[in-house]
Amino acid sequence: MIIFPAIDLKEGHCVRLKLGDMDQATVFNENPGAQAKAFQDQGFEWLHVVDLDGAFAGESRNGAAVDSILAATTNPVQLGGGIRTLAHIESWLDKGIARVILGTVALRDPALVREACKRYPDRIAVGIDAKGGKVAVEGWAETSELTAIELAKQFEDAGVAALIYTDIDRDGVLKGLNIPSTLELAHAVTIPVIASGGLAGIEDIERLIQPDCDILEGAISGRALYDGRLEPAEALALIKKSREGLA
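If you're wondering where the values come from, they're calculated on a predicted model, not measured in any experiment.

Student: Quick question: what am I supposed to make of the side chain of Asn75 here?
Tutor: Along the chain, Asn75 turns up in the loop between helix 3 (63-72) and strand 5 (77-80). Judged by its relative accessible area of 14%, Asn75 falls in the buried class. Apart from residues no more than four positions distant in its own chain, Asn75 is found in contact with Gln40, Phe44, Glu45 and Trp46.

Student: What is the right way to look at the environment of Ile191 in this model?
Tutor: Turning to its location among the elements, Ile191 is positioned in the loop between helix 8 (179-188) and strand 11 (193-196). The spatial distance from the C-alpha of Ile191 to the C-alpha of Leu112 is 18 Å, given a sequence separation of 79 residues. What Ile191 contacts, discounting residues up to four positions off in sequence, is Ala152, Phe155, Glu156, Val160, Ala161, Ala162 and Leu163.

Student: Whenever I open this one, the packing of aromatic side chains confuses me. Can you help?
Tutor: Pairs of aromatic rings are described using the distance from one ring centre to the other and the angle between the two planes. Applying the stated criterion across every chain, the model contains four aromatic pairs. Arg99 extends its terminal NZ or CZ atom over the ring of Trp46, reaching a point 4.7 Å from the ring centre.

Student: Just checking my understanding: could you explain helix 4 (residues 86-95) for this structure?
Tutor: Note that an α-helix has 3.6 residues per turn; residues three or four places apart therefore point the same way. Taken together, the buried positions of helix 4 are Leu86, Ile89, Trp92 and Leu93. Buried residues of helix 4 fall within an arc of 130° about the axis and therefore sit on the same side. Facing away from the buried side of helix 4, by more than 90 degrees, are the exposed residues Ala87 and Asp94. Structurally, helix 4 contributes buried residues whose contacts are with helix 3, strand 5, strand 6 (99-102), helix 6 (110-119) and strand 7 (124-131).

Reading the values: rules and limits
Residues numbered from 1 in each chain as written. Predicted model: local features only at pLDDT ≥ 70, side-chain atom pairs only at ≥ 80, totals over all residues. Heavy atoms only, no water. Helix = DSSP H or I, 4+ residues; strand = E, 2+ residues; numbered from the N terminus. Buried < 20%, exposed > 50% of the residue type's maximum accessible area, 1.4 Å probe, protein only. Contact = heavy atoms within 4.5 Å. Phe/Tyr/Trp six-rings, centres within 6.5 Å; stacked < 30°, edge-to-face > 60°. Lys NZ or Arg CZ within 6 Å of the ring centre and 35° of its normal. Arc of directions from axis to C-beta.

Below you can see the structure in the form of structure tokens.
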């Protein structure tokens, strides 16, 4: 079980949104590089970064902030938001991004995702953001008629490294992860699934280390880490203890 601390970028700053609304953004740190270093120092092993402006614009908009993150941490970084072409994917991977997350383009152009997986094995993730069970795209501004499972199954044999499943109705409001829907998705495909949206505190970590969640690769935590509801040392100690129990 991996906990991915999240850095969401808006106008170069680390923010958290409420229910995906760009007008409800809280700035938690004006220095993304310093935040990345802080997460590494706390003991986290991965970093989840989203270019929010890029997700709406359809192209990267926080490149300088991402560069500062890569310079500040040795942890692997997965990046999403506005990455819509093979050239963009190659550029970020060349810069040192460990894993690129494709969201809108996964719905609009699944063939591109498949081609990216062929070119860059184990380095392409698909972000599936759901609102009311239906996939949302374009920075969550549009909702499709496709369900999360229907979209995920399109990539079952493509070589996708992970699916990042976000319940938009819980994102940024600390309601707790939607474990039932996340597990339903994880059981529907063989691709590893990462839970996202609503992680509220240590209770969610306790839920994630239960045997039925062994199928999940991990979970993303944002606001709970920033506002102190989730204490990093406590969460990581709990996960470590769980790992040792499984060994």
